[in-house]
Amino acid sequence: MAAVKRALISLSDKQGAVEFARALHDLGVEILSTGGTAKLLADAEIPVIEVADYTGFPEMLDGRVKTLHPKIHGGILGRRDLSEHVAKMAEHDIGNIDLVCVNLYPFAATIAKPGCTLEDAIENIDIGGPTMVRSAAKNWKHVAIITDNTDFDKVVEELRANGGTLCDKTRFNLSRKAFSHTAQYDGMISNYLTSINDEKLGGEPEVNEFPEQINGNWLKVQDLRYGENPHQQAAFYRDVYPAAGSLSGYTQLQGKELSYNNIADADAAWEAVKAFDEPTCVIVKHANPCGVAVAADTLTAYRLAFATDTTSAFGGIIAFNREVDAETVEAVTGQFLEVLMAPKFTDKAKEVIAAKKNVRVLEVPLMAGANRFELKRVGGGLLVQTPDLHRIRRADLTVVSKREPTEQEWKDLMFVWNVAKYVKSNAIVFGKGGQTFGIGAGQMSRVDSTRIAARKAQDGGFDLNGACAASDAFFPFRDGVDVIAEQGIKAIIHPGGSVRDQEVFDAADEHGIAMVLTGVRHFRH
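Residues numbered from 1 in each chain as written. Predicted model: local features only at pLDDT ≥ 70, side-chain atom pairs only at ≥ 80, totals over all residues. Heavy atoms only, no water.

Looking at an unreviewed UniProt entry, one finds the protein chain named Bifunctional purine biosynthesis protein PurH, with Neisseria arctica as its source organism.

So, in structure tokens, the structure goes:
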């Protein structure tokens, strides 16, 4: 293990830099630095040598050229175990640089600013920084590279414990972290530049929704026992910059390790429950809601959601959009469940659930946010779309029947429509009073989904007279409306847009059904 005798520190984000540099100085490490970082350290009375003084070559071109010099890169890249490298470095008076601490110009923050011009973005593309990072990372056997300020304390601790040296494992892990850092940085630049309309290359650019090249970066959270099936291998990754309020921000309070299917179903439940403003419970089985209810409190919401389909709820994922109390937990644990999730649990609720050691309990921050893109792999390619964030208002709806919905029906129509958005197509949802009565999901025929929803409601003992129905897409024929009418349902909401719309509208009028169009469909595949 080679001793760290000289370090180069050049930081855009200077948080913790003074404390880190002071610790290095106390360990006898000579410090090189540039520009603002050098001034910060000097003002803190930490001995520091300006890179320009070290190389004998001044910074120039508005700082574009300062570390791109043989004394810097030779000192970083030179192999201490090769005699020809050592001799050549001595011939040109190039000293070893044993530790490089660099983070890069804030490109992401720059392009996020309103009114950012292409020129501003270009000037915030770091050149010298990534070059030093990659040089140090390549020569990891002899040089340590720090790109994350949160690593300062760990590095200092090891240096103190090991006589000013870092072990191979530490340097290797810092190296691969550094290469990941530059990959993220270059990917971000590529995403931005390939999204720009090249017909206008001055001032504030026109940015296309979809770049010519998408570069994604994810961090592994954990290996999973297996994938959808035991013969498949799997792991869970999260975005480097996850959207606020997304599932990947969960904290697991207890229970067995999450499986591939647990995570997929939990995401479906979480996205659905976030869509409601009132206290809501969503129960998901195999990526589909099998019961949804809104109520004045979590306990009532759970009981109503569970009543929708007590059979399918067995082994399901249960999500709430409010803090969960002990009484609710006691009710929920009366059934077999895989995952229980909410923004928060009371201390008493945690005590109650602790008796069910195998139940996976997740706290997920309830915040507004969504991924920029939704991604789906296909053979040799990737489907990319913006997320389905459309929320209807009553003012957006059009009544196409002779009968207008009643005030209660308007509320119920909005509710079942919001549920249908999270049910796999073809989706039919029956409900009333903030409770789902029957859900038909994922059938090849819309009328089959309608019949399934009706059977589910009958099995649950629900009286569908006066209930409402939602269809995620238009009815291609009137048969779906006829089946709905047979159940006693009196109001339907759907997008419209079929060539047989008039036939469907006429069927609604024949049955005395109020029919409302959204003009927006919610296919979910």
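Novice: Honestly, a nonpolar patch on the surface in this entry has me stumped. Any pointers?
Specialist: Taken together, the side chains of Trp218, Tyr237, Leu375 and Leu382 make up a nonpolar region of the molecular surface, amounting to roughly 400 Å² of accessible area. Following the sequence through the fold, Trp218 ends up in strand S6 (residues 218–224). Judged by its relative accessible area of 43%, Trp218 is partly exposed. (Patch = residues over 30% accessible without salt bridge, like charges linked within 9 Å, V, L, I, M, F, W, Y side chains within 5 Å. Areas by Shrake-Rupley, 256 points an atom, 1.4 Å probe, with all protein chains shown as cover. Salt bridge = Lys/Arg side-chain N within 4 Å of Asp/Glu carboxyl O. Helix = DSSP H or I, 4+ residues; strand = E, 2+ residues; numbered from the N terminus. Buried < 20%, exposed > 50% of the residue type's maximum accessible area, 1.4 Å probe, protein only.)

Novice: When you look at the packing of aromatic side chains in this model, what are you seeing that I'm missing?
Specialist: Note on aromatic pairs: each is described by the distance of the centres and the angle between the planes. Tallied over the full model, the rule gives nine aromatic pairs. An angle of 15° between the planes, with centres 5.2 Å apart, marks the rings of Phe210 and Phe373 as stacked. Taken as a pair, Phe210 in the loop between helix H10 (168–193) and S6 and Phe373 in the loop between strand S13 (360–363) and strand S14 (374–378) lie far apart in primary sequence, 163 residues in all. Look at Phe373 and you get buried, because its relative accessible area is 14%. Measuring from centroid to centroid gives 6.4 Å for Phe236 and Tyr250, while their planes differ by 20°, and the two rings are stacked. Linking Phe236 in strand S7 (residues 234–239) with Tyr250 in the loop between S7 and strand S8 (251–254), this pair joins segments that are 14 residues apart in sequence. Neither residue differs from the other here; Phe236 and Tyr250 are each classed as buried. Over the ring of Tyr54 we find Lys71; its NZ or CZ atom is 4.7 Å from the centre of that ring. (Phe/Tyr/Trp six-rings, centres within 6.5 Å; stacked < 30°, edge-to-face > 60°. Lys NZ or Arg CZ within 6 Å of the ring centre and 35° of its normal.)

Novice: Can you walk me through the pairing of S13 in this structure?
Specialist: Where burial is concerned, the two faces of S13 agree: the one with Arg360 and Leu362 and the one with Val361 and Glu363 are both buried. Note that S8 and S13 share three bridges and pair antiparallel. Bridged to Gln252 within S13 is Leu362. Crossover connection from strand S12 (residues 337–342) via helix H14 (residues 347–353) to parallel S13: handedness right-handed. (Pairing = 2+ DSSP bridges. Right-handed = clockwise from strand over helix to strand, strands pointing away.)

Novice: Explanation requested: the sheet that holds strand S3 (residues 49–50) in the structure shown.
Specialist: The pairing of strands in a sheet happens through backbone hydrogen bonds and is either parallel or antiparallel. Reading across the sheet, the five strands line up as S3-S2-S1-S4-S5 and stay open at both edges, with parallel pairing between neighbours. Whereas interior strands pair on both sides, the edge strands pair on one side only; in this sheet they are S3 and strand S5 (144–146). Bridging between strand S2 (residues 30–33) and S3 involves two bridges; their strand directions are parallel. Across the sheet, residue Ser33 finds its bridge partner in S3, namely Glu50.

Novice: Any chance you could explain a negative patch on the surface here in plain terms?
Specialist: A surface patch of like charges, here negative, comprises Asp297, Glu323, Asp325, Glu327, Glu330 and Asp347. When you line up the elements, Asp297 lands in the loop between strand S10 (288–294) and helix H12 (298–308). (Lys, Arg positive; Asp, Glu negative; His and termini not counted. Charge placed at Lys NZ, Arg CZ, Asp CG, Glu CD.)

Novice: Is there a simple way to explain the domain arrangement of the protein chain in this structure?
Specialist: One frequently used descriptor of interface size is the decrease in accessible area upon assembly of the parts. According to the domain assignment, the protein chain consists of domain 1 (6–194), domain 2 (248–363) and domain 3 (394–517). Centre-to-centre, using C-alpha coordinates, domain 2 lies 27 Å away from domain 3. Contacts between the two partners involve 17 residues from domain 2 and, on the opposite side, 15 residues from domain 3. Carbon and sulfur atoms supply 58% of the area that domain 2 and domain 3 bury against each other, a total of about 1,300 Å² over both sides. Among the residues domain 2 hides against domain 3, the three largest losses belong to Asn288, Pro289 and Thr308. Together they make up 34% of the total. (Domains from an automatic or database assignment. Contact = heavy atoms within 4.5 Å. Buried area = accessible area lost by both parts, 1.4 Å probe.)

Novice: Sorry, what's going on with the packing of helix H8 (residues 128–138) against H10 here?
Specialist: A pair of packed helices is characterised by two quantities: the angle between their axes and the separation of those axes. Running from N to C, H8 and H10 cross one another at 150°; their axes reach a closest spacing of 9 Å. Regarding the angle of H8 to H10, the classification is roughly antiparallel. Taken as a pair, H8 and H10 cross one another with a handedness that is left-handed. In this structure, H8 uses Pro130, Val133, Arg134, Ala137 and Lys138 to contact H10, whose residues at the interface are Ser175, Ala178, Phe179, Thr182 and Tyr185. Here the contact of H8 with H10 is composed, by residue class, of six nonpolar, two polar and two charged. (Axes fitted to C-alpha atoms, helices over the stretch in contact; angles between N-to-C directions. Parallel < 35°, antiparallel > 145°, perpendicular 65-115°, else oblique. Left-handed = near helix turned anticlockwise from the far one by under 90°. Nonpolar A, V, L, I, M, F, W, Y, C, P; charged D, E, K, R; others polar.)

Novice: What should I look at first to understand the pattern of salt bridges in this one?
Specialist: Pairing between side chains of opposite charge can happen when the charged atoms of each approach one another. Taken as a whole, this structure holds 25 salt bridges when the rule is applied. Connected through shared salt-bridge partners, Asp148, Asp151, Lys154 and Lys177 make up one network.

Novice: What is the right way to read the packing of helix H1 (residues 17–26) against helix H9 (residues 152–161) from this model?
Specialist: At a closest axis distance of 10 Å, the pairing of H1 and H9 adopts a crossing angle of 10°. In terms of orientation, H1 and H9 fall into the roughly parallel class. Within the contact between the two elements, H1 uses Ala17, Phe20, Ala23 and Leu24 and H9 uses Phe152, Val155, Val156, Leu159 and Arg160.

Novice: Got a minute to help me understand the side chain of His142 in this structure?
Specialist: As for its placement among the helices and strands, His142 is situated in the loop between H8 and S5. We classify His142 as buried; its relative accessible area is 15%. Separated by 3.3 Å, the side chains of His142 and Asp81 make a polar contact. Look past the residues within four positions of His142 in its chain and what remains in contact with it is Arg79, Arg80, Asp81, Asp98 and Arg171. (Polar contact = N/O pair within 3.5 Å; in protein donor to acceptor, adjacent residues only side chain to side chain.)

Novice: What am I meant to see in the nonpolar core here?
Specialist: Note on soluble globular proteins: their nonpolar side chains tend to be buried together. Residues Phe20, Leu99 and Val100 are the most contacted members of the largest nonpolar core, which totals 51 residues. Beyond its immediate sequence surroundings of up to four residues, Leu99 is in contact with Val4, Arg6, Ala7, Leu8, Phe20, Val143, Ala144, Ile146 and Val155. In this structure, Val294, Ala441, Ala491 and Ile493 belong to the second largest nonpolar core, which totals 46 residues. (Core = buried A, V, L, I, M, F, W, Y, C linked by side-chain atoms within 4.5 Å.)

Novice: Would you explain the environment of His73 in this entry?
Specialist: Tracing the backbone through its elements, the reader meets His73 in helix H4 (residues 70–77). For His73, a relative accessible area of 12% puts it in the buried group.

Novice: In this structure, what is going on with the pairing of strand S9 (residues 280–285)? I would like to understand it.
Specialist: Each regular strand carries side chains that alternate between the two faces of the sheet. Most of S9 sits out of view: five of its six residues are buried. By the bridge criterion, six bridges tie S9 to S10 in an arrangement that is antiparallel. Residue Ile283 lies in a different strand from S10, and its bridge partner there is Gly291. Counting the residues that bridge the hairpin from S9 to S10 gives two residues, and of these His286 lies at a positive phi of roughly 50°. Strand direction decides the pairing type here: S9 and strand S11 (residues 316–320), joined by four bridges, are antiparallel. When the bridges of S11 are listed, Val282 appears paired with Ala319.

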